[in-house]
Amino acid sequence: MKPQLRRFFVSELALLTLTTLISQGARADVSGPIAPLSYTAPPGDSGAYSYVDETGRQLIDGIRGENWAADLGNGHSYEWIGWQFGSPLITFQFDSLVEITKISIGLQREERFAPALLPDRVTIGSTDFPLSGDELPDASWGDVTFAGSWIGDTLAIQLWDHGVVLDHNGTPLDDWIFSDEISFEGVHVSQPPPSAVPESANAGVLAGMAVIVLAGWSRRKRTTSINKFL
Ligand SMILES: [Ca+2]
Ligand SMILES: [Ca+2]
């Protein structure tokens, strides 16, 4: 094969290969529930009952609580994780790169007895969501949802507490934050499999170009991610 023809052939083949690689890096189209692999969080505190995370997975096990003191078969308030002191930082790990677009945080509001308040604000990634405190009626529980776009294989959520507040008797108390479940919706963002990179010696030029383009793709993805986090 003439050198010019070989260069043309290699160039066309490289373009085809790179187009395939880039298309394999595209995210899936269908948004749906995404289950984290695990999370790290402060374990929770004890008060009238234990509000400690008994399994290390109670925030993602699909089991929901009811009234903060209810005994649904495993003891009073078993389903709730309660933090009285500080603002719990919960970091979720996913099995691959994901784009999260909706987060539902199960919370309890009970101002008379605990007092358990909704967080003062919620930070997801680097995005702050101030709460009014009225997203749920007093003496109720349910999901407060947050929409956005967060890309990564981990996601940090911080629930900010109010600190010392006055209870219904005017007694100063450090407030509680109760959560029973945190769930996610979004899409998996697939990465090009290693086998997509050409391996033969004749494809060395292709591999070099693939690395360059993939590096560019990766940079663009990171930039997108950063922009979306801000
Ligand atoms: Ca749960
Ligand atoms: Ca507190």
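Predicted model only: the values in this text are computed from it and were never measured. (Residues numbered from 1 in each chain as written. Chains lettered and ligands numbered in written order. Predicted model: local features only at pLDDT ≥ 70, side-chain atom pairs only at ≥ 80, totals over all residues.)

Along its length, the protein chain carries two helices and ten strands. Of the regular secondary structure in the protein chain, the N- to C-terminal order runs α-β-β-β-β-β-β-β-β-β-β-α. Within the protein chain, the proportion of its 230 residues that are buried is 23%. Pairs at least 24 apart in sequence give 76% of the contacts found in the protein chain among residues at least 6 apart. (Helix = DSSP H or I, 4+ residues; strand = E, 2+ residues; numbered from the N terminus. Buried ≥ 20, exposed ≤ 12 C-beta atoms within 10 Å, placed from the backbone. Contact = placed C-beta atoms within 7 Å.)

Chain-level pLDDT for the protein chain is 80 on average; 70% of the residues reach the 70-or-more range. Low pLDDT, under 50, characterises residues 13-25; the predicted model gives this stretch 23 contacts beyond four residues in sequence or across chains. Across residues 196-230 the pLDDT falls below 50, and counting only partners more than four positions away or on other chains, this stretch makes 36 contacts in the model. (pLDDT = per-residue confidence, 0-100.)

This paragraph deals with the pairing of strand 10 (residues 177-188). Across three bridges, strand 1 (residues 32-34) lies against strand 10 in antiparallel orientation. Across the sheet, residue G32 finds its bridge partner in strand 10, namely G186. Note: strand 4 (residues 89-109) against strand 10, eight bridges, orientation antiparallel. Paired with S104 across the bridge in strand 10 is S183. (Pairing = 2+ DSSP bridges.)

As a further point, take the nonpolar core. Within the largest apolar cluster, 32 residues are counted, with the highest numbers of intra-cluster contacts made by I100, A116 and F178. Among the elements that line this core, the one with the most residues is strand 4, at seven residues. Beyond its immediate chain neighbours, meaning those up to four positions away, F178 contacts Y51, W68, W80, G82, L107, Q108 and A116. (Core = buried A, V, L, I, M, F, W, Y, C linked by C-beta atoms within 7 Å.)

This part takes up the environment of L37. Position of L37 among the secondary structure elements: in the loop between strand 1 and strand 2 (38-40). Under the C-beta neighbour-count criterion, L37 is labelled exposed, with 12 such atoms within 10 Å. Taking the C-alpha atoms as reference points, L37 and S96, 59 residues apart in sequence, are found 9.5 Å from one another. Those residues in contact with L37 that sit more than four places away from it in its chain are Q93, F94 and D95.

Time to look at the environment of A156. As for its position among the elements, A156 is in strand 7 (residues 140-160). If we skip the residues at most four places from it in the chain, A156 touches L89, T91 and G125.

Turning to the environment of D153, a few remarks are in order. Within the secondary structure layout, D153 lies in strand 7. Spatially, the C-alpha atom of D153 lies 8.3 Å from that of F92, the residues being 61 residues apart in sequence. Other than its neighbours up to four places away in sequence, D153 contacts Q93, F94, S96, L97 and V98.

Further remarks concern the pairing of strand 7. Where strand 4 lies against strand 7, 16 bridges are found, and the strand directions are antiparallel. What sits directly across from K102, in strand 7, is A147. The pairing of strand 5 (residues 121-124) with strand 7 spans four bridges and is antiparallel. The partner of I124 across the bridge, within strand 7, is I157.

With that settled, consider unusual backbone geometry. With a phi close to 60 degrees, S77 is a non-glycine residue in the positive phi region. Positioned with a positive phi, A139 is a non-glycine residue whose angle comes to about 60 degrees. Structurally, A139 is set in the loop between strand 6 (127-130) and strand 7. When the 14 C-beta atoms within 10 Å are taken as the criterion, A139 is described as partly exposed.

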